[in-house]
Amino acid sequence: MKKRNAAIDYLRLLFAVITMLHHSRYVLGDENCVFLGGSLAVEFFFIVSGYLMMESIARIEEKKAQPGLGTETAQFLWRKIRALLPEYLIAWFIGFAFVIIAEQKHAGGIWASFRSYFFELTLLKMTGLFSSGIDGVMWYVSSMILCMVILYPLVRKYPDYMKKIGAPLIAVLLMGYMMRAYGNPRNPTKWITFTYKGNLRAMAELCLGIICHEAAMRVKKLPKMNRIGRIGSAVLQAVLYLAVIRYMYISGPAERDFYYIALFMAAIAMTFGLEDQYQGVAVVFQRVNWQKAAAWAAKYSTALFFGHLYFAQHINSLLPEKKYAPDTRMIIYVALSFLNGFVVMILAETWRKNRNKIGTALHDFFFSEGAMEQIKSKIAKYWFMFEELVKRDFMQRYKRSILGMAWSVLSPLLTLLVMKVIFTEFLGKTIPHYTIYLFSGTIVLSYFKESTKQGMRSLVSNAKIFTRINVPKYLFLLSKNVSALVNFGLTILVYFVFVIFERLPFTPKMLLLIFPVICLLVMNIGIGAILSALYVFFEDIQYLYDVVLTLLTYMSAIFYSVDNFSNPRMQQAFLLNPVYVYIKYFRLIVIDGIVPSAGYHLLCLFYPVFYLSIGMWIYKKYNHQFLYYL
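Presented here is an overview of the structure given in this document.

Let us now look at the overall build of the protein chain. Helices and strands together make up the secondary structure of the protein chain, namely 26 helices and 2 strands. Relative to its full complement of 630 residues, the protein chain shows a buried share of 48%. Taking the intrachain contacts of the protein chain between residues at least 6 apart in sequence as the baseline, contacts between residues at least 24 apart amount to 78%.

Take a look at the structure:
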C-alpha cells in the first residue's frame, strides 16, 4: 500500500485552521477578522482533490479493470463520499443541536428546522434545489462531488485529451470568466444564471488538480537531486506556501486571487512530485515515524473543517456583543471549534472501527430469526440471578433495622426537616414554595449519592461470586442501581404528598418527570461503572469521591437560588453540574409549571450518554483485569 504524502496531510491541517480563523468574521466582523482572505484556503483542498482523483484513475488503469464507465464513476464517488461521511454526518448533527440551543427552539421549532435543514445531508445543496442549511462549509463537498460526476468519466474516456488540452482549457476559461464578471472566485453561494458560482470554482480548480498531477508526474521523472537541490526545492516550496498564506492574512477578495491560486498549484505540484525522492517539504515529514502523526493530522483537519462554522455563525447569539468582549467571544469560538474537532474525529474513528460489528448486530436483529430468541435466552439465563441480587441488596440494607424500608422515606424527610429549619429564615422567604424547592434538591441529590456510592462498591463487594462463576459483571452494578431506584420511587411518593400540601397544581406536564429520572438512572450507571472500575485498582477513590460529593452538595443549589448570583456566567456555570441540571428540571415542572427548552433537554441527554459511554469503554477495556486485582 502506498504511503500517504505526510506533507500534504500537515498542510491540510494548516489550511483547515486558517479556514476556521477566517470565519471569525462572523464573530468579530470583517474589519477585525483574523484571516480576512482565508477562504482562499479552500483552493488547496480542491486542487489536492483533483490530483487525488487522477491518482485513483491511474490505479484503475494499472489494474486494467473496466466494469463500465457509469459503474466505475459511481464506485469512485461512493468511495469519496464514504471517506468523508462519518465526519460530515457527526459534525452536522452536533451543529444542528448547537443551533437549536443557540436559537432556543422548542419542540415544534426543532421539527420545522430539521425539515428545512435535512436536505443539506443529501450533498445536493449546490444544485440549487434548496438553499437552507446549518453549515456553510458543506458547499465544498457538494460542489466537489457534482463536478467530479462530470470530470471523472471525461478523463477516463479521453485521458490524453483531458490531461493535455481539456482540463487546462476548462480551468482558464472558468477562471477568466470569474475574473471579468466578479473580480475573484469567492462567494460560492452566489447564483449566476444557471448554477452557483462555487460550482464554477470547483470545476476550475479540480482541473488545476489534473494539471498538477501531470506536472508532478514529470517532476518525478527528474534525476535524483543532490543536497543543494533538495534544500533549494524545500526553500522554494516554503516560499510559495508562505506567500499565499501572507496574502490570505493581509488581503480580502481581489483579482490577485488568481495569481496566488497559480502559486498554490505550483507548490502542490512540487510537494507531490518530489515525494518519491523525499525531497522538498516532504523530506521533513516523509519519515516512517511521522506517518501516524500525519494520518492524525489528515483526520483532524477533516473534522475541524466540517465542525466549526456553526459556532462562528451563532456564538454571538449565546454571547451578546454588549456583554462579552470581542476577545472573549473569539477565544470561546476557537476553543469550541478545536474541541468539537476532537469530538467529531473520535466519534468518526469509533464508528469506522465498529461499523462491521454494528452492521452485523443490526442485520441479526432485524433479519435473523434467531436474534430475538438469543436475546430472550440471555435475559432468561441471568434474570433469576439479577432478581436475587436486588433482593439481597434490600435485605442487607435493612438487616437488623427496626423500621426497615421506612428509612428510605425517613432519611430524606429528616434531612429536609433539618435543612428547612436552618435555612428557611435566611433564604426561604425569597423563594416561593421553599419546602418543595428544598425537597426537589434533596431527593435528587440523595438518589445520586446512594446510586453511585453503591455502584462504586458493586464489583469489590461481589468479587467472591464472579471470581468463581462466569457471569456478566455489569449485573452487580445494575442490581445496585435498581435497588437505589426503588428507594427513590418510594421517596417520590412522599414528595408528591408535600406537593399536595403546598397546593401546587397537578398537570400533565408532571409526566415529563419520567425523563430526568431515566437520564439520572443511565448517568448513575455510567458513573457507577467508572467508579467501580477505579475502586478495583485504587481503593483511595472512595475518600476522594466523598470530597467530590461534598462539593456537589454545595454546588447543586439545594437550599439557595442560583438567581442570587448577578453574574450570568456564574449562573451558567452551574449547568456543568449534572445533578443541578436534573434538580432544576424538577423545580421547573413542579413549582413553575414550565416545560424546559429543547436545548435543556439535549443537555439532560448529554450527561447520561457521555458518562455511560466512558463507563462502557472502561468495562470493556479492563474487564479481564478485574480478576487479577480481586
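The next subject is the nonpolar core. For soluble globular proteins, nonpolar side chains are generally found buried alongside one another. In terms of nonpolar packing, the biggest core is built from 111 residues, with Phe-15, Phe-44, Met-53, Tyr-140, Met-248, Ile-268 and Phe-306 touching the most fellow members. Not counting the four nearest positions on each side in its chain, Phe-15 is found in contact with Ala-41, Phe-44, Phe-45, Tyr-241, Ile-245, Met-248 and Phe-264. Among the nonpolar cores identified, the runner-up in size contains 51 residues, and Leu-445, Leu-520, Leu-531 and Val-590 belong to it.

Taken together, the side chains of Arg-59, Lys-63, Arg-79, Arg-82 and Arg-355 define a basic patch exposed on the protein surface. For the positive patch, the elements supplying multiple residues, two or more each, are α3 (41-63) and α4 (69-103). With respect to the helices, strands and loops of the structure, Arg-59 is situated in helix α3. A relative accessible area of 45% means that Arg-59 is categorised as partly exposed.

Taken together, the side chains of Val-149, Ile-150, Leu-154, Tyr-158, Tyr-161, Ile-165, Leu-169, Val-172 and Leu-173 define a hydrophobic patch exposed on the protein surface, amounting to about 830 Å² of accessible area. Only α6 (138-157) and α7 (159-182) provide two or more residues apiece to the nonpolar patch. The residue Val-149 is located in helix α6 in this model. For Val-149, a relative accessible area of 39% translates into the label partly exposed.

Here we take up the packing of aromatic side chains. Using the criterion set out here, one finds 42 aromatic pairs in the structure. Ring geometry for Phe-35 and Tyr-249: centres 5.0 Å apart, planes at 75°, overall edge-to-face. With a gap of 214 residues between them, Phe-35 in the loop between α2 (25-28) and α3 and Tyr-249 in helix α9 (residues 227-250) connect regions that are remote in the sequence. Under the relative-accessibility criterion, Phe-35 is labelled buried at 10%. The interplanar angle of 80° and the centroid separation of 5.0 Å between the aromatic rings of Tyr-259 and Tyr-260 together place this pair among those described as edge-to-face. Just above the ring of Tyr-26 sits the side chain of Arg-25; from NZ or CZ to the centre is 5.4 Å. A cation sits over an aromatic face here: Arg-587 above Tyr-437, 3.5 Å from the ring centre.

Compared with the 24 Å implied by 1.5 Å per residue over 17 residues, the 24 Å span of helix α10 (residues 257-273) between its first and last C-alpha is a close match. Within α10, 13 of the 17 residues are buried, which leaves it mostly tucked inside the rest of the structure.

Our focus in this paragraph is the pattern of salt bridges. Under the defined criterion, the tally for this structure stands at 13 salt bridges. In this structure, Lys-164 and Glu-214 form a salt bridge, with 3.5 Å as the shortest nitrogen-oxygen distance. With a gap of 50 residues between them, Lys-164 in helix α7 and Glu-214 in helix α8 (residues 197-220) connect regions that are remote in the sequence. Classification of Lys-164 by relative accessible area gives partly exposed; the value is 41%. The class of Glu-214 is buried, set by a relative accessible area of 16%. We note a salt bridge from Asp-546 to Lys-453, for which the minimum N-O separation is 3.1 Å. Placement of Asp-546 in helix α22 (residues 541-554) and of Lys-453 in helix α17 (residues 434-456) is noted, with a sequence separation of 93 residues between them. Taking relative accessible area as the criterion, Asp-546 reaches 33% and is therefore assigned partly exposed. When salt bridges that share partners are traced, they join Glu-87, Lys-299, Glu-349 and Arg-352 into one network.

By secondary structure assignment, the location of Asp-327 is in helix α14 (residues 326-367). A relative accessible area of 58% places Asp-327 in the exposed class. In this structure the C-alpha to C-alpha distance between Asp-327 and Val-27, which are 300 residues apart in sequence, comes to 9.7 Å.

A separate point is the side chain of Ser-451. Among the secondary structure elements, Ser-451 is positioned in helix α17. Setting aside its immediate chain neighbours within four residues, Ser-451 contacts Asn-481, Ala-484 and Asn-524.

Quick look at unusual backbone geometry now. A positive phi is found at Asn-187, a non-glycine position, where the angle reads about 55°. On the secondary structure map, Asn-187 appears in the loop between α7 and β1 (191-192). One non-glycine residue, Arg-503, lies in the positive phi region at around 60°. Tracing the backbone shows Arg-503 in the loop between α20 (474-501) and α21 (514-537).

Attention now goes to helix α13 (residues 309-318). α13 sits mainly inside the fold: 7 of its 10 residues count as buried. For α13, the full list of buried residues reads Leu-309, Tyr-310, Phe-311, Ala-312, His-314, Ile-315 and Asn-316.

Turning to the state of the cysteines, a few remarks are in order. Under the criterion given, the structure shown has 0 disulfides. Of all cysteine sulfurs, the one in Cys-519 lies closest to Cys-604, which takes part in no disulfide; the gap is 5.7 Å.

With that out of the way, let us pick up the environment of Gly-273. Considering the arrangement of structural elements, one finds Gly-273 in helix α10. A residue is classified by how much of its surface remains accessible, and Gly-273, at 0% relative accessible area, is buried. If we skip the residues at most four places from it in the chain, Gly-273 touches Ala-216, Val-219 and Lys-220.

Moving on, we get to the packing of α3 against α8. Direction vectors running N to C along α3 and α8 enclose 60°, while the axes themselves pass 7 Å from each other. With respect to α8, the element α3 is oriented oblique. Between α3 and α8 lies a crossing whose hand is right-handed. Only Arg-201, Ala-202, Glu-205, Leu-206, Leu-208, Gly-209, Ile-210, Cys-212, His-213, Ala-216, Met-217 and Lys-220 of α8 make contact with α3, whose side of the interface consists of Val-42, Glu-43, Phe-46, Ile-47, Ser-49, Gly-50, Tyr-51, Met-53, Met-54 and Glu-55. Among the residues forming the contact of α3 with α8, the class breakdown is 13 nonpolar, 4 polar and 5 charged.

Thresholds applied
Residues numbered from 1 in each chain as written. Predicted model: local features only at pLDDT ≥ 70, side-chain atom pairs only at ≥ 80, totals over all residues. Heavy atoms only, no water. Helix = DSSP H or I, 4+ residues; strand = E, 2+ residues; numbered from the N terminus. Buried < 20%, exposed > 50% of the residue type's maximum accessible area, 1.4 Å probe, protein only. Contact = heavy atoms within 4.5 Å. Core = buried A, V, L, I, M, F, W, Y, C linked by side-chain atoms within 4.5 Å. Patch = residues over 30% accessible without salt bridge, like charges linked within 9 Å, V, L, I, M, F, W, Y side chains within 5 Å. Areas by Shrake-Rupley, 256 points an atom, 1.4 Å probe, with all protein chains shown as cover. Salt bridge = Lys/Arg side-chain N within 4 Å of Asp/Glu carboxyl O. Lys, Arg positive; Asp, Glu negative; His and termini not counted. Charge placed at Lys NZ, Arg CZ, Asp CG, Glu CD. Phe/Tyr/Trp six-rings, centres within 6.5 Å; stacked < 30°, edge-to-face > 60°. Lys NZ or Arg CZ within 6 Å of the ring centre and 35° of its normal. Expected span 1.5 Å × (residues − 1). Disulfide = S-S within 2.5 Å. Axes fitted to C-alpha atoms, helices over the stretch in contact; angles between N-to-C directions. Parallel < 35°, antiparallel > 145°, perpendicular 65-115°, else oblique. Left-handed = near helix turned anticlockwise from the far one by under 90°. Nonpolar A, V, L, I, M, F, W, Y, C, P; charged D, E, K, R; others polar.

The values are spatial; any link to function lies outside them.
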